[in-house]
Amino acid sequence: KANLSENTRARRERGRQRDILMAQTRPRREVGELEEELEHALRTAAALRTEEQHAAVLTLVARSQSLSRIPEDCAHVLCRVMEWEDVPQGEVLMRQGDAPHALVLLLRGKLAQ
């Protein structure tokens, strides 16, 4: 039991140190700028988007290497529920081993490990 407890403490300490490092890491450069129309469409609540805004969000899916491969009907469904979220620098989005809870598309900034 003592060994397990030491291992558990060591694992938690490594996780805490990783979280601190993530909070201190700053993006080195912007990945790219979104067109104003696309950013406005993404910032509009999915349920309130116009057809033009929906089409703009579909362009984002089409540009994504991974998402461009999904069937068109699935892309439309995804675009109908996709929401914009600003995440403060250093906020932990997920940790290795966490159960999946969201699909995250990084539009600006950089993720740290």
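Rules behind the numbers
Residues numbered from 1 in each chain as written. Predicted model: local features only at pLDDT ≥ 70, side-chain atom pairs only at ≥ 80, totals over all residues. Heavy atoms only, no water. Axes fitted to C-alpha atoms, helices over the stretch in contact; angles between N-to-C directions. Helix = DSSP H or I, 4+ residues; strand = E, 2+ residues; numbered from the N terminus. Left-handed = near helix turned anticlockwise from the far one by under 90°. Contact = heavy atoms within 4.5 Å. Nonpolar A, V, L, I, M, F, W, Y, C, P; charged D, E, K, R; others polar. Core = buried A, V, L, I, M, F, W, Y, C linked by side-chain atoms within 4.5 Å. Buried < 20%, exposed > 50% of the residue type's maximum accessible area, 1.4 Å probe, protein only. Parallel < 35°, antiparallel > 145°, perpendicular 65-115°, else oblique.

Trainee: Please give an account of the packing of helix α3 (residues 51–63) against helix α4 (residues 72–81) that cites residues and values.
Mentor: Angle between the axes and distance between the axes: these two values describe a pair of packed helices. Their axes nearest at 9 Å, the elements α3 and α4 cross at an angle of 115°. The handedness of the crossing between α3 and α4 comes out as right-handed. On α4, the residues touching Glu51, His54, Val57, Leu58 and Val61 of α3 are Ala75, His76, Leu78, Cys79 and Arg80. In terms of residue class, the contact of α3 with α4 is made up of six nonpolar, two polar and two charged.

Trainee: How would you explain the nonpolar core if you had to name every residue and give the values?
Mentor: Leu42, Val57, Val61 and Met82 are the most contacted members of the largest nonpolar core, which totals 13 residues. Broken down by secondary-structure element, the contributors of at least two residues to this core are α2 (36–43), α3 and α4. Residue contributions to this core peak at five residues, all from α3.

Trainee: Got a sec to walk through the packing of α2 against α3? Specific residues and values, please.
Mentor: The N-to-C vectors of α2 and α3 enclose an angle of 105°; their axes lie 8 Å apart at closest approach. When the interaxial angle is binned, α2 and α3 end up roughly perpendicular. Contacts from Glu37, Leu38, His40, Ala41 and Leu42 of α2 reach α3 at Glu52, Gln53, Ala56, Val57, Thr59, Leu60 and Arg63. Tallied by class, residues from the contact of α2 with α3 come to six nonpolar, three polar and three charged.

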